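# Inside the fold
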Amino acid sequence: MTSQARDPAELGPRPEAEVPAESCDYQPENPVEQFLRTDRMPHIWCPGCGIGTTVNSFARALLEAKLDLDRVAVVSGIGCTGRVAGYVRLDSFHTTHGRAIPFATGLKLANPNLTVVVYSGDGDLFAIGGNHIIHAARRNLDLKVICVNNFVYGMTGGQLAPTTPVGALTTTTPYGCYEPAFNLPALMDAAGAVYVARWTSFHVRQLTRAMVDIFRKKGFCFIEVLTPCPSLFQRKNRMGEGLDAMKYYKEKSKVRHGAPTSEVGLTIDGDIIVGKFVDRERPEFLDLLRSQLAAQLGDRYVEVEHLVCS
Amino acid sequence: MPHADPRGVLTGVHFMDGDHAACEGALAAGARFAAGYPITPSTEIVERFAARIPTVGGVFIQMEDELAASIAIAGAVWAGAKAFTVTSGPGFSLMMEHIGFAVMTETPCVFMNVQRGGPSTGLPTLPAQADMMQARWGSHGDYEIIALSPNSPQECFDLAVRAFNLAEEFRVPVMLMMDEVVGHMTEKVVIPPAEQIEIYPRRHTRLPPGQYKPYAPGPDLVPEMAHAGEGYRFHVTGLTHDERGYPSMNAAAQDRLVKRLKAKITRAADRLACYEEEGTEDADVVVISYGITSRVAQRAVEMARARGVRVGRLRLITVWPFPTRQIRALARRVKALVVPELNLGQIVLEVERAAAGQAETISVPHAGGSVHAPEQILDAIMEVAK
């Protein structure tokens, strides 16, 4: 089992000369294939769905960051994005609805050597799991949170989410959504995240770059990725197919790095402010725990890196 | 079996309450991670763990609620730790989903429930034994767990160790079903030297990555584990899954998985049965009880004997799986079974099912808030012994 990500250069397109003209054995290889459980394909995501695009960025970011893949764990909750854990060829945990963050908390605290990525949807992380994510951000536990926001509950058939813009139609707001939506970057900023960014599935390179950033940063990091849900949200709101969503994201997105997060709230037809909004330093949870206990207990404090039982 | 790590074992003779003794049992058993949320009357367990664990080597975290605490322990287990959480009534209700998750994903872990009066907020500071059916049936779906019921601080220690050992052996969540009185009573607790405490080790696979299948069961129907970070790159899901751990959502996969999860416990029911029996050989009446109620029942049995009634007693230590075969055999020999408990009739239904009409089954219910008066149990014995 290889424990090092392969050099990206090694995985680029094969030079023509390498392909024997007569050989039928040559299979073009996608550089992200090694990150996927190909024996589980085809996946469940709909045509035009943006989740797979974010997984592509994720795989490329893993390559670029040269992480030891044996030490990367992905934790998901429930929902369409919750299925990411099942498709990545890594230690992966598909937990219960809303509870990816507290599962990841236990995983990280028991083995801080792991890079723990929480990959889940807006409903999972901010409705049923909302309490957990604000507390994890408050603690500044070293978790990398990728929140795929498609504005709707996809797996259950297109219901209202805490991110659904006012005016949007969902199956449980058949006359239009009247609830104000969360501004996720503002919420994460206020709760204490050290890195907050937003991109869309149109911005694949920027998204990859942001993922590399958070792999290299210590503390609670948060990326919101806006993605289309053509089967439910797009269709219900007459927003076209996946490709139309890409055009829409291209047209409406304004890159504003460092924008105050209070100004990046989304509306149904307004501009989409994207970029890296927060990148700061705060003491990380485990460092705080260790320094407090060491200061108070001195030699009596037994620091254990990995809580592995016999 | 290997022995306890001496760092976690507070060897000696102590004057200690049941909550603290349960915490010491967890430490002796090798638990190095606990996640909790404060709730009376269980909080002393995590308070002690928070104070003790930094000098033993491990982590305590107070989570934002019981949902979080009950799945944080699962995360810690998959990273390699032995882990537990602690709660009481309302918190136990919130933890139900993750008892099911631990069953489905075969995550060895321990849930300690210091029972108080319910429903809802009920009687936070007063005892009950009204979560006994919830421990067995509270999460959705068909499953089996193991539940142990201590009746003294000493047993809180002893059964906490056993709870962790059974969790590891069967890869199942194990419930330590205490109650407010046992949790808060202070008595002598003897903690033996580490070399006298046997520890069931994690059933870690010896297969290399590539050959390892996370949910391929062994001969005893229990699969072997791997931990995150070891290169196995395995998948764990609460969805119905196949031997590879991959979601497999169809009737055949469901039948295979759910039946195995149940059978790995029920097949071992005789070995898991654990009870204390006294004076049942020639008894006409046997009082069946568990937890704190067993101590009141003992007094009632003594009073009945003084009145000339041939009465024995049986105390359940393992409550789940219920020792059906053993109780059925007892029912064939006696006239009546008297079942006092701090609820309005829960385990008595299991006794009745096991007795299957062979002996009369009498419930001595109590809504909780105190223990029974011995006379309440005595009256039931005298009535049936007529």
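Please read these numbers as outputs of a predicted model, since none were measured by experiment. (Residues numbered from 1 in each chain as written. Chains lettered and ligands numbered in written order. Predicted model: local features only at pLDDT ≥ 70, side-chain atom pairs only at ≥ 80, totals over all residues. Heavy atoms only, no water.)

### Points about the interface of chain B and chain A
Here is the rule: Whether two residues touch is decided by their heavy atoms; if any such pair falls within 4.5 Å, the residues are in contact. Summed over both partners, the accessible surface that disappears when two parts come together, traced with a 1.4 Å probe, is what is meant by buried area. A pairing counts as a salt bridge when a side-chain nitrogen of Lys or Arg comes within 4 Å of a carboxyl oxygen of Asp or Glu. We call two N or O atoms a polar contact when they sit within 3.5 Å, provided that within protein one can donate a hydrogen and the other can accept it, with sequence-adjacent residues counted only if both atoms are side-chain atoms. A helix here means a DSSP run of H or I that spans at least four residues, while a strand means a run of E at least two residues long, and both kinds are numbered starting from the N terminus. Amino acids outside the nonpolar list (Ala, Val, Leu, Ile, Met, Phe, Trp, Tyr, Cys, Pro) and the charged list (Asp, Glu, Lys, Arg) are all regarded as polar, and Gly is one of them. What makes two strands pair is DSSP finding at least two bridges between them.
The interface is formed by 49 residues belonging to chain B together with 47 residues belonging to chain A. Taken together, the two surfaces of chain B and chain A that pack against each other cover about 3,900 Å², and 62% of this comes from carbon and sulfur. For chain B, the biggest contributors to the area lost against chain A are Glu 64, Arg 233 and Tyr 246 of chain B; these three give 20% of the whole. For Arg 233 of chain B, the salt bridge goes to Asp 70 of chain A, with nearest N and O atoms at 2.9 Å. The tally of links between chain B and chain A comes to 23 residue pairs in polar contact (both at pLDDT 80 or more). For the side of chain B that touches chain A, the secondary structure elements donating two or more residues are α2 (43-56), β3 (59-62), α3 (66-78), α4 (89-105) and β10 (235-237) of chain B. Counting residues per element, the side of chain B that touches chain A draws most heavily on α3 of chain B, at 8 residues. Across the side of chain B that touches chain A, the residue classes tally to 26 nonpolar, 13 polar and 10 charged. Direction of pairing for strand β2 (residues 91-94) of chain A relative to β10 of chain B: parallel, over a ladder of 3 bridges. Within β10 of chain B, the position partnered with Ser 92 of chain A by the bridge is His 235 of chain B.

### Things to note about the domain arrangement of chain B
Residue and element names in this part refer to chain B. Here is the rule: Domain delimitation in this document rests on an assignment produced automatically or drawn from a domain database.
For chain B, the assigned domains are domain 1 (12-196) and domain 2 (275-385). Placing the centre of domain 1 and that of domain 2 at their C-alpha centroids yields a distance of 26 Å. Every contact between the two is made by 27 residues of domain 1 and, on the other side, 23 residues of domain 2. Between domain 1 and domain 2 the total buried area reaches about 2,000 Å² when both faces are included, carbon and sulfur atoms providing 56% of it. Among the residues of domain 1 in contact with domain 2, Gln 129, Met 133 and Asn 151 are the three that bury the most area, contributing 31% of the side total. Where domain 1 packs against domain 2, one counts 2 salt bridges. Where domain 1 packs against domain 2, one counts 19 residue pairs in polar contact (both at pLDDT 80 or more). Of all elements in the fold, only β6 (123-127), α5 (132-137), β7 (146-148), α6 (153-170) and α7 (180-184) reach the threshold of two or more residues within the side of domain 1 that touches domain 2.

### Concerning the nonpolar core
This is how the line gets drawn: For this analysis, a nonpolar core means a set of buried residues of the types Ala, Val, Leu, Ile, Met, Phe, Trp, Tyr and Cys, connected via side-chain atoms within 4.5 Å. Accessibility here uses a 1.4 Å probe with only protein chains present; expressed as a share of the type maximum, an area under 20% marks a residue as buried, one over 50% as exposed, and anything in between as partly exposed.
In terms of nonpolar packing, the biggest core is built from 106 residues, with Phe 93, Leu 107, Phe 220 and Phe 222 of chain A together with Phe 33, Ile 288 and Leu 337 of chain B touching the most fellow members. Here the element with the most residues in this core is α3 of chain B; it accounts for 9 residues. Among the domains, domain 1 (12-196) and domain 2 (275-385) of chain B are the pair contributing at least three residues each to this core. The residues contacting Phe 93 of chain A, other than those within four sequence positions of it, are Ala 73, Val 74, Val 75, Ser 76, Ala 85, Phe 103 and Leu 107 of chain A together with Trp 78, Ala 228, Phe 234, His 235 and Val 236 of chain B. Membership of the second largest hydrophobic core comes to 53 residues, among which are Val 86, Met 112, Val 114 and Ala 194 of chain B.

### Focus on the pattern of salt bridges
Residues and elements named next belong to chain B. Going through the model one piece at a time under the given rule, you end up with 42 salt bridges over all chains. For the salt bridge of Glu 106 with Arg 260, the shortest nitrogen-to-oxygen distance reads 2.6 Å. Remark: Arg 260 occurs in helix α8 (residues 251-266) and Glu 106 occurs in the loop between α4 and β5 (109-117); sequence separation between them is 154 residues. Ionic contacts of the salt-bridge type, sharing partners, join the residues Glu 155, Glu 276, Glu 278, Arg 305, Arg 313 and Arg 315 into one network.

### Points about the sheet that holds β10 of chain B
Sheet strands pair via backbone hydrogen bonds, and the direction of the pair is either parallel or antiparallel. Put simply, the rule is: In this analysis, axes come from line fits to C-alpha atoms, helices being fitted only over the stretch in contact, and the angle between any two N-to-C directions falls in the range 0 to 180 degrees.
With respect to topology, 9 strands assemble into an open sheet ordered β7(A)-β8(A)-β5(A)-β6(A)-β4(A)-β3(A)-β1(A)-β2(A)-β10(B), the strand pairing being mixed. One side of each edge strand has no neighbouring strand; the edge strands of this open sheet are β7 (253-255) of chain A together with β10 of chain B. Sheet twist, expressed as the mean angle between neighbouring strand axes with direction ignored, is 20°. Pairing between strand β3 (residues 115-121) of chain A and strand β4 (residues 144-149) of chain A: 5 bridges, direction parallel. Note on β4 of chain A: the bridge partner recorded for Ser 120 of chain A is Cys 147 of chain A. In this fold helix α7 (residues 204-216) of chain A packs onto β3, β4, β5 (195-200), β6 (221-226) and β8 (272-279) of chain A, with an angle of close to 160° to the strand it touches most, β5 of chain A.

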